[in-house]
Amino acid sequence: MTYETIIVETRGKVGLITLNRPKALNALNTEVMREAVEAVNGFGADPGIGAIVITGSEKAFAAGADIKQMQSIAFVDAYTQDFFVGWEELTRVRKPIIAAVAGYALGGGCELAMMCDFIIAADTARFGQPEITLGVMPGMGGSQRLTRFVGKSKAMDMCLTGRMMDAAEAERCGLVSRVVPAGDLVEEALKAAAKIAEFSLPSVMMTKEAVNRAYETTLAEGLRFERRLFHSLFALDDQKEGMAAFAEKRKPNFTNR
Ligand SMILES: CC(C)=CC(=O)SCCNC(=O)CCNC(=O)[C@H](O)C(C)(C)COP(=O)(O)OP(=O)(O)OC[C@H]1O[C@@H](n2cnc3c(N)ncnc32)[C@H](O)[C@@H]1OP(=O)(O)O
């Protein structure tokens with residue numbers, strides 16, 4: 001498969017997608033959306049892949065939705081075509097996706113990173129929701145996901161002032177899981193993804209599903225949901241193998257069954 005706006009590679013059991021519109025700071029146009037969704041779905045369906053990393057360039061993960069493409073869109077088209085809805089497909093992929101963010105992650109770029117399961121940031125990363133400066137507002141999930149990540153006060157601050165936060169602030173407020181030196185970013189993200197990909201795929205997928213459920217339901221329902229998934233893992237060979245390997249002091253050989 002050849003792509004115009006992204007580079008798609010595999011590294012062992014990890015699928016790596018690199019946004020590749022350097023001249024436009026990886027601005028997210030409809031082509032990037034179509035290709036990224038196709039690539040992520042491809043990795044989602046590939047039994048040889050256990051986790052996915054999405055990254056950008058040193059200067060920009062993505063500087064937002066493509067303003068030049070968006071500027072002439074009419075309300076009726078935005079509304080009837082449900083502009084941006086296509087990105088939601090990413091969140092339906094059941095394997096873990098890590099965003100590896102260096103440089104700018106603004107507007108749709110920040111929102112794309114937040115659609116992933118967690119964010120590893122370079123010390124150069126800068127996050128922001130500057131849509132307000134363009135006379136609009138977040139439209140790819142920023143007002144909802146950022147609020148869940150960082151709480152109301154900081155989300156209001158970011159969305160209403162359009163200011164950027166650096167990597168240290170993003171780590172402090174829980175937007176990113178860790179910050180690494182810029183030169184190590186992709187290797188660190190690939191290492192994390194490779195670790196996940198070594199585990200039993202069904203237990204990885206159920207873990208992702210359970211954590212995500214915490215955002216959508218009550219604590220009591222979420223706890224019940226977690227326990228049922230946990231019980232179901234005892235039906236797998238991998239549970240027997242994982243626990244036997246611990247008792248026998250050896251590495252487990254998971255078969256994803
Ligand atoms: C509306 C919704 C729902 C979502 C959105 O995401 S709106 C977009 C939000 N993002 C922004 O507002 C950021 C826009 N970009 C910038 O403010 C700056 O580019 C910067 C601060 C990120 C970097 O500034 P710098 O001076 O280093 O670089 P530029 O010369 O400004 O940019 C280089 C090159 O990239 C083009 N570019 C940058 N961002 C976008 C974008 N979001 N859409 C389209 N094109 C973008 C920029 O125009 C320039 O290209 P040209 O040299 O051809 O003009």
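See the structure printed just above.
A brief report on the enclosed structure follows.

What counts and what doesn't
Residues numbered from 1 in each chain as written. Predicted model: local features only at pLDDT ≥ 70, side-chain atom pairs only at ≥ 80, totals over all residues. Heavy atoms only, no water. Pairing = 2+ DSSP bridges. Helix = DSSP H or I, 4+ residues; strand = E, 2+ residues; numbered from the N terminus. Axes fitted to C-alpha atoms, helices over the stretch in contact; angles between N-to-C directions. Contact = heavy atoms within 4.5 Å. Near = heavy atom within 4 Å. Polar contact = N/O pair within 3.5 Å; in protein donor to acceptor, adjacent residues only side chain to side chain. Areas by Shrake-Rupley, 256 points an atom, 1.4 Å probe, with all protein chains shown as cover. Nonpolar A, V, L, I, M, F, W, Y, C, P; charged D, E, K, R; others polar.

**Examining the sheet that holds strand E3 (residues 51–55)**
Consideration 1: Reading across from one edge, E1-E2-E3-E5-E7-E10 is the order of the six strands in this open sheet, with mixed pairing throughout. Looking along the sheet, the strands with just one partner apiece sit at the ends: strand E1 (6–11) and strand E10 (178–180). Looking at each pair of strands side by side, their axes are set apart by 20° on average, direction ignored.
Consideration 2: As paired strands, strand E2 (residues 14–19) and E3 are joined by five bridges and run parallel to one another. Bridging across to E3, valine 14 finds its partner in alanine 51.
Consideration 3: This element, helix H8 (residues 185–198), spans E1, E2, E3, strand E5 (97–101), strand E7 (118–122) and E10 of the sheet and lies at about 165° to E3.

**Quick notes on the sheet that holds strand E9 (residues 164–166)**
Consideration 1: Pairing within the open sheet is mixed, and its four strands lie in the order E4-E6-E8-E9. Each end of this open sheet is capped by a strand with a single partner; those strands are strand E4 (60–62) and E9. Going across the sheet, the axis of each strand differs from the next one's by a mean of 20°, ignoring polarity.
Consideration 2: As paired strands, strand E8 (residues 126–128) and E9 are joined by three bridges and run antiparallel to one another. Bridging across to E9, glycine 128 finds its partner in methionine 164.

**Structural notes on the site of the ligand**
Consideration 1: Neighbouring residues of the ligand: 23 residues in total, closest Lys59, Ala63, Ala65, Lys68 and Gly108.
Consideration 2: In the environment of the ligand, an oxygen atom lies 2.8 Å from a nitrogen or oxygen atom belonging to the backbone of glycine 108.
Consideration 3: Within the complex, the protein chains bury 65% of what would otherwise be the 980 Å² of accessible surface of the ligand.
Consideration 4: In terms of residue count, helix H2 (residues 67–70) provides more of the shell around the ligand than any other element does, three residues in total.
Consideration 5: Along the lines of polarity and charge, the residues of the shell around the ligand split into 14 nonpolar, four polar and five charged.

Take it as geometry only, folks, not as evidence of what the structure does.
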